[in-house]
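The lines below spell out each chain.
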Amino acid sequence: AQTVTQSQPEMSVQEAETVTLSCTYDTSESDYYLFWYKQPPSRQMILVIRQEAYKQQNATENRFSVNFQKAAKSFSLKISDSQLGDAAMYFCAATGGGGADGLTFGKGTHLIIQP
Amino acid sequence: DTGVSQDPRHKITKRGQNVTFRCDPISEHNRLYWYRQTLGQGPEFLTYFQNEAQLEKSRLLSDRFSAERPKGSFSTLEIQRTEQGDSAMYLCASSSRLAGNPDTQYFGPGTRLTVL
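Residues numbered from 1 in each chain as written. Chains lettered and ligands numbered in written order. Predicted model: local features only at pLDDT ≥ 70, side-chain atom pairs only at ≥ 80, totals over all residues. Heavy atoms only, no water.

*Asks:* I'm lost on the interface of chain B and chain A in this one. Help?
*Replies:* Quoted interface sizes are often the accessible area lost when the parts come together. Facing 22 residues of chain B, the contacting portion of chain A comprises 18 residues. Roughly 1,600 Å² of surface becomes buried between chain B and chain A when both sides are summed, with 47% attributable to carbon and sulfur atoms. Contact with chain A buries area across many residues of chain B, yet Pro43, Asp103 and Phe107 of chain B alone supply 28% of it, more than any other trio. In this assembly, chain B and chain A are joined by zero salt bridges. (Contact = heavy atoms within 4.5 Å. Buried area = accessible area lost by both parts, 1.4 Å probe. Salt bridge = Lys/Arg side-chain N within 4 Å of Asp/Glu carboxyl O.)

Right under this line is the structure:
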């Protein structure tokens, strides 16, 4: 069984600053994927970034990047140049089975952007 | 829009009634997933289809819940004899090993169920 832990229920950052959201996971799978999803208030879940466990290079998508530490089972999300539209719940998720399995989600981090 | 769609978006029902939700995945996706999300929590996996075959079911999926994907396209999730504890957002997601971003699940807007 997989577990995903997000230890920060809420984070706050000033607009244009950088913030890092933490995530740790535990899995017995050797082939797995990690994801960060964003869920704005009353809106649907949107993929932010994904990382294949077999890749050593950290994934990046524009202002979003991850710090993937496989040995430590850590997968943090860095948001640079924070914008008001980044305000949302952020969920870390993992899947095994080569990506075919259901996702295991953390409890989420509520990100507040201060103007 | 070719994203995942769900219907209805909101459903209010009385305890003991049956409800059915529909999910239409992204057209080229052969995998379809159902999740349940309660307030303040992350989504919890319920079940997964590859084409029309239901390959995995969570222990959260009690015998009051049934899901189908008869032609490998849209899926339905039925809850019989609803209970107040069934009140939640029901999310559908789809993915494909071949198309676009392989093995990445794309989510629909969800169906919010309220059981009175």
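*Asks:* Would you mind showing me how to read the packing of aromatic side chains here?
*Replies:* Any aromatic ring pair is given by two values, namely how distant the centres are and how the planes are angled relative to each other. According to the stated counting rule, one finds 16 aromatic pairs over all chains in the structure shown. The interplanar angle of 85° and the centroid separation of 6.3 Å between the aromatic rings of Phe68 of chain A and Phe75 of chain A together place this pair among those described as edge-to-face. For Phe75 of chain A, a relative accessible area of 0% puts it in the buried group. Pairing Phe105 of chain A with Tyr35 of chain B gives two aromatic rings, centres 5.9 Å apart and planes at 90°, and the pair type is edge-to-face. (Phe/Tyr/Trp six-rings, centres within 6.5 Å; stacked < 30°, edge-to-face > 60°. Buried < 20%, exposed > 50% of the residue type's maximum accessible area, 1.4 Å probe, protein only.)

*Asks:* Can you help me understand the pattern of salt bridges in this one?
*Replies:* For side chains of opposite charge, pairing can occur when their charged atoms come near one another. All names here are of chain B. Inspection of every chain in the model, using the stated rule, returns eight salt bridges over all chains. With a closest N to O distance of 2.7 Å, Arg22 and Asp24 form a salt bridge. With relative accessibility at 34%, the residue Arg22 sits in the partly exposed group. Of the charged contacts, one joins Arg64 and Asp86 as a salt bridge, the two residues approaching to 2.8 Å between their closest N and O atoms. Residue Arg64 is found in the loop between β6 (53-57) and β7 (65-68), and its partner Asp86 is found in the loop between β8 (75-79) and β9 (88-95); the two are separated by 22 residues along the sequence. (Helix = DSSP H or I, 4+ residues; strand = E, 2+ residues; numbered from the N terminus.)

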